[in-house]
There are 2 protein chains.
Amino acid sequence: MDQRQTDEKFMRLALNEARKAFEEQEVPIGAVVVADGAVIGRGHNLVETLSDPTAHAEMQALTAAAATLGGKYLQKCTLYVTVEPCIMCAGAIGWAQIGRVVWGADDPKRGFRRYSEAVFHPKTTVVSGVLAEECEALMTSFFASLRN
Amino acid sequence: MDQRQTDEKFMRLALNEARKAFEEQEVPIGAVVVADGAVIGRGHNLVETLSDPTAHAEMQALTAAAATLGGKYLQKCTLYVTVEPCIMCAGAIGWAQIGRVVWGADDPKRGFRRYSEAVFHPKTTVVSGVLAEECEALMTSFFASLRN
């Protein structure tokens, strides 16, 4: 399996997480953290369910992954998330010094790049646009459902 | 009690939280969230204890406050924190649309203003420098203790 196929495989798992959020009437964003080919943390947006403004998919996936590894750094891990992280989650990714970040759909309005592109650790590599259409379609469908 | 006295009173509570972190060999930062003159959330840095890069004082205080109020927004609240928030915590403060943020010591290296000053909600007011010397002294003392 080449890198692109691997990235799509794990993004599908992040999409499964996002669908859980959708079913719970949450903004449908999902994330998984992968190390050595295995998922070691996952999460979906739970802001409304938990009444917690910090309960984004990435925060939960990062917290779970760090708990699995027993340390605060995730240098050898990849975070897959269906939508470009916000500045809060980007800050968390920076603290974790995660090795690689892969996201699906861009988020020009709330994405971290609106504020600063320098939040991640300098060694973190970034890939965007993986299954972007599916990730974006889930968001579009969710916000359309709110208007009905 | 005028505003300055009120701010110093609650910053002393945040300093108490920071001292708990110090005793647990954590970077000594503490925070409280106040609404209508009452503390509705508190937290101290627990990154090492929990092996969680997101377990900053502010994150825990905001999560606790939102749980107390039963909603994700904290517009009528003030967050007191002993040190200028990092970009992750600033992002969380932005999502919570908190009414007022008061911090003690500036953090030129890790503080959010290094990245962007526009992360908070436009209506959030900011006060810095409250009991700054005490907040700073606790940090200096902690990092000095690490070198011994």
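Residues numbered from 1 in each chain as written. Chains lettered and ligands numbered in written order. Predicted model: local features only at pLDDT ≥ 70, side-chain atom pairs only at ≥ 80, totals over all residues. Heavy atoms only, no water.

The subject of this paragraph is the interface of chain A and chain B. At the junction of the two partners, chain A supplies 26 residues and chain B supplies 26 residues. Taken over both partners, the interface formed by chain A and chain B buries close to 2200 Å², and the fraction arising from carbon and sulfur atoms is 69%. When the buried area of chain A at its contact with chain B is split by residue, Pro53, Lys72 and Trp95 of chain A rank highest and sum to 28% of it. Across the contact surface, chain A and chain B share two salt bridges. For Lys72 of chain B, the salt bridge goes to Glu48 of chain A, with nearest N and O atoms at 2.5 Å. When contributions to the side of chain A that touches chain B are tallied by element, the ones reaching two or more residues are α2 (47-50), α3 (57-69) and α4 (87-96) of chain A. (Contact = heavy atoms within 4.5 Å. Buried area = accessible area lost by both parts, 1.4 Å probe. Salt bridge = Lys/Arg side-chain N within 4 Å of Asp/Glu carboxyl O. Helix = DSSP H or I, 4+ residues; strand = E, 2+ residues; numbered from the N terminus.)

For the pair of chain copies, the relating transformation is a rotation about an axis with a translation along it. The transformation that overlays chain A on chain B combines an axial shift of 0.0 Å with a rotation of 180°, and the residual RMSD is 0.0 Å. The two molecules are tied by a two-fold rotation axis, judged by turn and shift. Residues of chain A ranked by C-alpha distance from the rotation axis are headed by Met88 of chain A, positioned 2.0 Å from it. Comparing interface residues between copies, 100% of those in chain A also lie at the interface in chain B; the contact surface is shared. (Least-squares fit on C-alpha atoms with pLDDT ≥ 70 in both.)

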